[in-house]
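# Descriptive structure summary
The lines below spell out each chain.
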Amino acid sequence: MLNHTTMCQRVYTKNPYLRRFAIGLMATIVIVIGGMSDSFAADDFVGAWTVFNATDAFQTDDGPSRWSYWIDAQARYFDVGSGINQYLVRPGIGFKPGENLSVWAGYARFRSRNRAGFVVDENRYWQQLNWTSGQWNGGTFSMRARLLERFVDAGDDMGLVLRFLTRYVRSIGTDGKKSLILGIEPFVDLRTTDWSGGTGIYQNRTYIGVGWRVSDKLSIDTGYMNQFLWVDNGDEVSNHLAILNFKTKF
């Protein structure tokens, strides 16, 4: 019988990219946690996000196409009862050049309201790469790199942000319908603007949740996400968020 160490060695041998991924993941976690540990003055708030997401391949006479659609809508509430909220609608289209790789591009309309009732509207254009990097311990690692071009009505400059999501999903239970979901996603500002702070990591999201496949058309995942924000000239913010995510296919 193979022990756990031997099994992991075989996985790395079959997929050398997984080793590079693991090193990169550990480096990202060290950088993010190191930055968070230096921020002792973080303000803690409790909130909730509801997400609706629909994505699937276009259908042809010969079956699923390599082209896919994407649309998600989100309602976000921070510091419940304070009036702080955000709303987002994000359509997109994707192409799958290979089994484990897809490329996407789209547009997002974003609206946020602060505690004083001031509303900011934002137009975002986004491009992303999704790929599955490997298997480990009965689960699957996947990654997503997303580039955002941000245009905010409160300023004149274009913001440029890189997001890098690492996700691990592992089936739990015996019916194959439930799964454990772990994720970490740092955000990096690539450009200083007249409406935001300087360049560098300004946000990180860490997620743990449980997914449930209700049917072939619908799945739900729910869990806890910590959204940590580094604030220029102010205390850092740590949002403790309940997440409810509906995923469907039309």
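Position numbers for residues start from 1 in each chain and track the written sequence from start to end. Given that the model is predicted, a residue must reach a pLDDT of at least 70 before its local features are reported, and side-chain atom pairs must reach 80 or more before they are shown or counted; all residues, however, enter totals for whole chains, interfaces and linings. Remark: hydrogens and water are excluded; side-chain values derive from all non-hydrogen atoms of the structure.

Next up on the list: the overall build of the protein chain. Per the convention used, a helix needs a DSSP run of H or I reaching at least four residues, while a strand needs a run of E reaching at least two, with both numbered from the N terminus. Across its full length, the protein chain holds 2 helices and 11 strands. Sequence-ordered secondary structure for the protein chain, helices as α and strands as β, is α-α-β-β-β-β-β-β-β-β-β-β-β. Whether a residue is buried, partly exposed or exposed follows from its accessible area with a 1.4 Å probe, protein chains only, as a fraction of its type maximum: under 20%, in between, or over 50%, in that order. Among the 250 residues that make up the protein chain, the fraction classed as buried is 36%. Considering only contacts within the protein chain whose residues lie at least 6 apart along the sequence, 50% involve residues at least 24 apart. A contact between two residues is defined here by any heavy atoms of the two lying within 4.5 Å.

Turning to a nonpolar patch on the surface, a few remarks are in order. A patch consists of residues whose relative accessible area exceeds 30% and which take part in no salt bridge; residues with like charges are grouped when within 9 Å of each other, and nonpolar side chains (Val, Leu, Ile, Met, Phe, Trp, Tyr) when within 5 Å. Methods summary: accessible areas were calculated by the Shrake-Rupley approach with a probe of 1.4 Å, and residue burial reflects only the protein chains presented. Definition used for salt bridges: Asp or Glu carboxyl oxygen within 4 Å of a side-chain nitrogen of Lys or Arg. Nonpolar side chains collect at one region of the surface, where Phe52, Ile71, Val89 and Phe250 lie side by side and expose about 370 Å² of accessible area between them. Following the sequence through the fold, isoleucine 71 ends up in strand E2 (residues 63–78). On the accessibility criterion, isoleucine 71 (33% relative accessible area) is partly exposed.

What follows covers the pattern of salt bridges. Summed over the entire model, instances satisfying the criterion amount to 11 salt bridges. Aspartate 121 serves as the salt-bridge partner of arginine 111, at 2.6 Å between the closest nitrogen and oxygen. With arginine 111 in strand E4 (residues 101–113) and aspartate 121 in strand E5 (residues 119–136), this pair connects stretches of sequence that are 10 residues apart. The class for arginine 111 is partly exposed, based on a relative accessible area of 41%. Among the residues examined, aspartate 121 registers a relative accessible area of 13% and is labelled buried. The residue arginine 124 makes a salt bridge to glutamate 122 at a minimum N-O spacing of 2.6 Å.

Strands are labelled as partners when DSSP assigns at least two bridges between them. Spatially, 11 strands are ordered E1-E2-E3-E4-E5-E6-E7-E8-E9-E10-E11 in a closed barrel, and the strand pairing comes out mixed. Mean inter-strand twist for the sheet, computed between neighbouring axes without regard to direction, equals 20°. Relative to E2, strand E1 (residues 43–60) runs antiparallel, the two being bridged by 12 bridges. The partner of asparagine 53 across the bridge, within E2, is aspartate 72. Every angle, taken between N-to-C directions, lies between 0 and 180 degrees, and every axis is a line fitted to C-alpha atoms, over only the stretch in contact when it is a helix.

Right, let's get into the side chain of asparagine 245. Secondary-structure assignment places asparagine 245 in strand E11 (residues 237–248). Assessed through its relative accessible area of 12%, asparagine 245 is described here as buried. Residue contacts for asparagine 245: discarding those within four places in its chain leaves Val51, Asn53, Ser219, Ile220 and Asp221.

Turning next to the pairing of strand E7 (residues 158–172). The pairing of strand E6 (residues 139–152) with E7 spans 13 bridges and is antiparallel. Across the sheet, residue threonine 140 finds its bridge partner in E7, namely valine 169. Taking the residues between adjacent antiparallel strands as the criterion, E6 and E7 are bridged by 5 residues. Relative to strand E8 (residues 178–189), E7 is paired through 10 bridges, and the arrangement is antiparallel. Residue pairing across strands places leucine 162 opposite valine 188, the latter belonging to E8.

We now examine the packing of aromatic side chains. Here the aromatic set is Phe, Tyr and Trp, taking the six-membered ring for Trp, and pairing holds for ring centres within 6.5 Å; pairs whose planes are under 30 degrees apart are stacked, those over 60 apart are edge-to-face, and all others are tilted. With the rule as written, the count across this model stands at 15 aromatic pairs. Summarising the aromatic geometry, the rings of tryptophan 49 and phenylalanine 78 are spaced 5.9 Å apart at their centres and angled 80° between planes, so their arrangement reads as edge-to-face. With tryptophan 49 in strand E1 and phenylalanine 78 in strand E2, the pair connects residues that are 29 residues apart, well separated along the chain. For the pair shown, tryptophan 49 and phenylalanine 78 are each scored as buried. For the ring pair phenylalanine 187 and tyrosine 202, a centre distance of 6.0 Å and an interplane angle of 80° mean the geometry is edge-to-face. With phenylalanine 187 in strand E8 and tyrosine 202 in strand E9 (residues 200–213), this pair connects stretches of sequence that are 15 residues apart. Here the two residues phenylalanine 187 and tyrosine 202 agree in accessibility, since each one is buried. Among the aromatic residues, ring-to-ring pairing joins Phe58, Tyr69 and Phe250 into one connected group. By definition here, charges over rings are those cases where NZ of Lys or CZ of Arg is within 6 Å of the ring centre and within 35 degrees of the ring normal. It is arginine 76 that lies over the ring of tryptophan 49; its NZ or CZ is 4.2 Å from the centre.

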